[in-house]
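Chains, contacts and geometry: an overview
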Amino acid sequence: MTIVKKRYAVGGYAVGATAARTGDEMSGPALLLAGVAITGSVSTASSLLAGIMISAAIGGPVFGVLLDRATRPGRLLAWALGVYATGLAAILASLGRVPVVVTILLAVCVGLLGPALSGGWTSQLPRVATGERLPRANALDAMTFNLASLVGPALAGIVAGVWGASAGVVVSAALICSALPSALTLPAIPKPAKSRPSPSVASDLAAGVRAILRSRGLARATSTSVISCAGQGMVIACIPLLGESLGAAGYGAILLSVTAASALVANAILARHPRLLAPDTIIWCSTIVLAAALVLLATGRPALVIAAMVIVGIGEGPQLTALFAIRHREAPGRLRGQIFTTGASLKITGFALGAGIAGPVADWSLPGALLTAAGTQVLAALGFAWHSRAHRRAIVTCSPAPQGAPVETDDR
């Protein structure tokens, strides 16, 4: 009976995470389509998307603190999902009826809860999959992101084509709301026998930042993934032009589906063999794989472009799985929610900045923008190497080994 309950818990978690994340992945393209259809302005539509993404950098850490302090984190997560879905409906309702600035400010406010759909869910995984079951469950969790990125944008296009652009936003909000039952069934946190005075939210925020900076594994994985995510944002900005190079801008969406499918397959292999490679090894190897793929992408040759997008998925999928594994391994239990949501916030912000930088560069030169993205991945790999070297130096300086004894470097 216990095994059945555990499997049900993991299954319920996966169903809820997939629904919420699919709705999230669908909401971006749906807002873009609705913004253009209602206002007739591409600039307004892109501003809405930027607004809902950029505020995650502020909302993520604060929501993480509240999640860590909650005895029923599932209820708080459900509340956040409900508000986020309601916010999407409010954005849609305001389009064309109030000044554009008001709608964009509303998008910024809604975006504060964006990390709840990513890091907020993942931070609760150890409560439903413990011990030896966590590595496999972690890979499955990352697969929900890949599946969402594969299905979400395509579903937005299909719904918009059949029922109109506004319907896509409504369906994305409904998908997010469908995850509420799964969130509400997440395990509660047992209350301590003796209650101690709770530190302030500001103190918990500072503690979370210190935990990331002081943990070599967390600091290294976080900085590497954020820089790498900026490079991924640059690629997204180039997708319409890449589609045009194949014949039509719409082919860019197909390229994204190719990448998502490739990442899904790569993570399925990791789920079956969760100890195939150490997470730290995967993190730095993935940036090299991505750099090579983007150089290949810059050639502009159709066959090589498709092959490059397959390789991009092979790099992105396992990188996300490895990042989650490192956070689960290194994050202190009482700060787990904050560390996951802060990490998600930083990645979202890095992605948005990368996309913003690449847009003007791509207008000037598509290969130049793609090579810039490749250089960003190389920078991520160099950052990983710098962290590792600094750690080895600290070990040698602070803890010299006895004569003839080997020095442990912990190169995982």
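Cut-offs used in this document
- Residues numbered from 1 in each chain as written.
- Predicted model: local features only at pLDDT ≥ 70, side-chain atom pairs only at ≥ 80, totals over all residues.
- Heavy atoms only, no water.
- Helix = DSSP H or I, 4+ residues; strand = E, 2+ residues; numbered from the N terminus.
- Buried < 20%, exposed > 50% of the residue type's maximum accessible area, 1.4 Å probe, protein only.
- Contact = heavy atoms within 4.5 Å.
- Areas by Shrake-Rupley, 256 points an atom, 1.4 Å probe, with all protein chains shown as cover.
- Salt bridge = Lys/Arg side-chain N within 4 Å of Asp/Glu carboxyl O.

1. Describing the overall build of the chain
On a plain count of helices and strands, the chain comes out with 17 helices and zero strands. Put simply, the chain has 412 residues, and 48% of those count as buried. Partitioning the intrachain contacts of the chain with sequence separation of at least 6 by distance along the chain shows that 83% fall at a separation of at least 24. For the chain, the accessible surface area stands at approximately 18600 Å², while carbon and sulfur atoms represent 69% of it.

2. Brief notes about the pattern of salt bridges
Summed over the entire model, instances satisfying the criterion amount to four salt bridges. Notably, a salt bridge pairs arginine 220 with aspartate 280, separated by 3.0 Å at the nearest N-O pair. Linking arginine 220 in helix α12 (residues 216-246) with aspartate 280 in helix α14 (residues 279-297), this pair joins segments that are 60 residues apart in sequence. The same class applies to arginine 220 and to aspartate 280, which are both buried. Residue arginine 329 is joined to aspartate 280 by a salt bridge in which the shortest nitrogen-to-oxygen separation is 2.8 Å. Of this pair, arginine 329 sits in helix α15 (residues 302-330) while aspartate 280 sits in helix α14, and the two are 49 residues apart along the sequence. In the salt-bridge network here, residues are joined through shared partners; they are Arg220, Asp280, Arg329 and Glu330.

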